[in-house]
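Chains, contacts and geometry: an overview
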Amino acid sequence: MRRQIGTNQDGTPILGEEELVEGVRGYVTAVRDGDVFHLVSASRMRKQIYVIPNVGKKGAPEFGDPVRLDLDADWVKGNEYFHMARFHDIDGDGVPELVVGSDCWDDYWPNGLEWNDEGYRGYDDANRWLGGPLRGFLYAFKNKGSLAQPLLERGRPLIAGETPLEVYGQLAPAFGNFGSARQSLIAGEFWNILHIARQREDGQFEPTTLLRTQDDKVLELDQCIHLPCVVDWDGDGREDILVGAEDGYVTYLKNCGDGEDGLPRFEKRGRVETTQPLIHAGVLPSPAAYDFSGDGHFDLVVGNSTGELLFYQSREANGAIYLDKEIMLRAGAKPIRIAAGPTGSIQGPSEKMFGYSCPTIADWTGSGHMDLLVSDVTGHHRLFRNLGDKSVPPSFAEEEFLTYKGKPLKTVWRVRPAVVDWRKDGQLHYVALDEEGVLSDWKQASETELAYKRYLHWENGDPMRFTVDVGGGRGRVKLCFCDWEGTGRTDLIFGTHARACVPPDPETGAPRNTTKQAGIFLSRNVGTAEEPRFALPVPFRFRNEVIAMAMHVASPEAVDWAGRGALDLIVGVEDGTLVWLKREDLSW
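This write-up is about the structure you can find in this document. Residue numbers restart at each chain and count upward from 1, following the sequence in its written direction. It should be noted that, the model being predicted, local features are given only for residues of pLDDT at least 70 and side-chain atom pairs only at 80 or more, the latter also being counted only at that level, while totals for whole chains, interfaces and linings use all residues. Where side-chain values are given, they derive from all heavy atoms of the structure, hydrogens and water being excluded.

1. Considering the pairing of strand 25 (residues 314–317)
The sheet contact formed by strand 25 and strand 26 (residues 320–323) spans four bridges and is antiparallel. Within the sheet, the bridge partner assigned to Glu316 lies in strand 26 and is Ile321. Between any two strands, pairing holds if DSSP finds at least two bridges. A run of H or I in DSSP becomes a helix once it reaches four residues, and a run of E becomes a strand once it reaches two; helices and strands are each numbered from the N terminus. Between strand 25 and strand 26, which pair antiparallel one after the other, the connecting turn spans two residues, and Asn318 there sits at a positive phi close to 55°.

2. Things to note about the environment of Gln427
Its place among the elements puts Gln427 in the loop between strand 36 (418–420) and strand 37 (429–433). Every residue pair with non-hydrogen atoms within 4.5 Å of one another is taken to be in contact. Among all residues touching Gln427, those that are not within four sequence positions of it are Val420, Asp421, Lys443 and Gln444. Any N or O atom pair separated by 3.5 Å or less is treated as a polar contact, with the protein-specific requirement of one donor-capable and one acceptor-capable atom, and with residues adjacent in sequence counted only for side-chain atom pairs. Of note is the side chain of Gln427, whose polar atom sits 3.3 Å from the backbone oxygen of Gln444.

3. Remarks on the sheet that holds strand 6 (residues 67–69)
Here four strands make up an open sheet; going across it, the order is 3-4-5-6 and the pairing antiparallel. One side of each edge strand has no neighbouring strand; the edge strands of this open sheet are strand 3 (27–33) and strand 6. Averaged over neighbouring strand pairs, the angle between their axes works out to 25° when direction is ignored. The pairing of strand 3 with strand 4 (residues 36–42) spans seven bridges and is antiparallel. Within the sheet, the bridge partner assigned to Asp33 lies in strand 4 and is Val36. For helices, the axis comes from a line fit to the C-alpha atoms of the stretch in contact; other axes are also lines fit to C-alpha atoms, and the angle between any two N-to-C directions lies between 0 and 180 degrees.

4. A few points about unusual backbone geometry
With an omega of -10°, the peptide bond between Val502 and Pro503 qualifies as cis. Along the chain, Pro503 falls in the loop between strand 43 (501–502) and strand 44 (510–511). A cis amide bond links Ala510 to the next residue, Pro511, at an omega of -5°. Along the chain, Pro511 falls in strand 44. Backbone geometry at Asn111 places phi at a positive 55°, although glycine is not the residue there. Locating Asn111 in the fold gives a position in the loop between strand 8 (97–103) and strand 9 (136–141). For Phe178, which is not glycine, the phi dihedral falls at a positive 50°.

5. Points about the side chain of Arg265
Inspection of the secondary structure puts Arg265 in strand 21 (residues 264–271). Given a relative accessible area of 8%, Arg265 falls into the buried group. Look past the residues within four positions of Arg265 in its chain and what remains in contact with it is Arg212, Thr213, Gln214, Asp216, Lys254, Asn255, Cys256, Gly257, Asp258, Gly259 and Glu260. Buried, partly exposed and exposed residues are distinguished by accessible area as a fraction of the type maximum, computed with a 1.4 Å probe on protein chains only: under 20%, between the cut-offs, and over 50%, respectively.

6. Observations concerning the sheet that holds strand 49 (residues 545–546)
The antiparallel open sheet is built from three strands, whose spatial order is 49-48-53. At either margin of the open sheet sits one strand with a lone partner, and together these are strand 49 and strand 53 (586–587).

7. Side note on the pairing of strand 45 (residues 520–523)
Of the two faces of strand 45, the one holding Ile520 and Leu522 and the one holding Phe521 and Ser523 are both buried throughout. Two elements, strand 42 (residues 491–495) and strand 45, share four bridges in a ladder whose sense is antiparallel. Across the sheet, the residue bridging to Gly495 is Ile520, located in strand 45. Sheet analysis places strand 45 next to strand 47 (residues 538–539), joined by two bridges and oriented antiparallel.

8. A word on the packing of aromatic side chains
For Phe, Tyr and Trp, where Trp contributes only its six-membered ring, two rings pair if their centres lie within 6.5 Å, and the inter-plane angle classes them as stacked under 30 degrees, edge-to-face over 60, or tilted in between. Scanning the model with the defined rule gives 30 aromatic pairs in all. Between the aromatic rings of Phe178 and Phe266, the centroid separation amounts to 5.9 Å while the plane-to-plane angle is 85°, which identifies the pairing as edge-to-face. A residue pair is termed long-range when its members are at least 10 positions apart, and Phe178 in the loop between strand 14 (172–176) and strand 15 (184–188) and Phe266 in strand 21 qualify at 88 residues. Since its relative accessible area comes to 7%, Phe178 is described here as buried. Ring geometry for Phe190 versus Phe354: centroids 6.5 Å apart, planes at 50°, classification tilted. Of the two residues, Phe190 sits in the loop between strand 15 and strand 16 (194–198) while Phe354 sits in the loop between strand 29 (334–335) and strand 30 (358–362), which places them 164 residues apart along the sequence. Judged by its relative accessible area of 5%, Phe190 falls in the buried class. One aromatic cluster is present, built from ring pairs that chain together Trp105, Tyr108, Trp109, Trp115, Tyr120, Tyr123, Trp129, Phe190, Phe354, Tyr356 and Trp413. For the cation-ring pair, Lys582 lies above Trp580, with the distance from its terminal atom to the ring centre recorded as 4.8 Å. Placement of a positive charge over a ring is assigned whenever Lys NZ or Arg CZ falls within 6 Å of the ring centre and within 35 degrees of the normal to the ring plane.

And the structure:
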């Protein structure tokens, strides 16, 4: 929670320092009840909605024990997850109903097989999706109780036109009048658009249309899975829209007045900013470190699920290291933004806005300047040449693809690659997981061509794998090679997702059979410069606790962050946080 502490010149609020509301999880909305507001929480991880009653007073919220709501409804599909819930008076009787958007994947997966199932095939030979759409519907539950202690009747689907109101998955509702006597629904969905539907006199809704800009173009957002909120954000008397997204940012859409059809038009003003912000690098951040500014402090280039490459300049003041506000790196004249498009993700077209950029930094072209090598959602590998102008942030040329045997290198997805000089003789090697999820080593043959692929092995001679899963389940590992223990050998530090299984034993492999959360591991190099081999991994511990970092992945970078002559870890965590793990707090 952030409170308004002032007002900007454009009328928008200045938001203060973050305050944590303990014990509240999921997609959360607020509902006003007199002078206080209660919280409503939904999550696809559970079948219940929770109301967290505010037992405090105006300006001093205090939340009591959650009230569990077990919902029953005339479901459209019958196997729907709850996505987002809010209380709103739809029928105009003065008592807010509980309105719940749903999310249904039953029709999406081809032949019922998902992206990490044996035999899964997402696209045909013409690259057409073999599955169906995501689906999201909207339900209203009449409330016969209070807002703090709801008593709900059986739910009914809301109708738009002649059929149940539906969007492309993960329906998130908000309501506003937008200067009209009739209220309108704003609906977020999985993709990067918003829907609007006016309510008819009979209480149902008109068919949805897409939200549009002043010049009557579809308003396209930067990410996906959008959660809207209607509010007069700039105090000009018109209702605006704030919209949260999967990447964790909130975007301000300014109401610019109605179009010829009587529906409001909006301008995308950008992300809402706050005072004293915590570092948030999108979602699933993957950091790489280098002192681009030459001031003795390591700067960061961070990839994320949105496919951006964000630059953070590092500074020091009063003995504390801090990061400047992020800047999106550019390639040529355009910001770098990798996206799967309709056919680029193994998870199907729902992921068209995802990029999962995973950068590593190396002087790959031998120019004396540090280039970027990046893998992503597609499993391709891109080179961004440093233009060498010594600017901060650094400037890069347009992308080039790394190739192997004359074709663009294609591997499993979402793996952070590495560049290694095993023998310290200037011969660079490119290391990544190959298309089967085996840790592979290619020699650099030219600035874009790779050659002489070989597998890397565990000390027992087995090729290095990181899971027992198949398909897309083989990806997501983040690689970091360094001399961690000062032995002169190049060791491997890697981050995994929760379903990873190292060594690949379905009964003992970690973290699948240990913490069941994303982890960070060390594999010592016990081989030679000619033939590196790696000891079976041991998990890193932080202050004697095995590191467990949510579900999707932990992405480590080894760097002497404080200039103390010893390597620490900078780690990207699933929620967008970057954490500094000091060496003295780690054990392995």
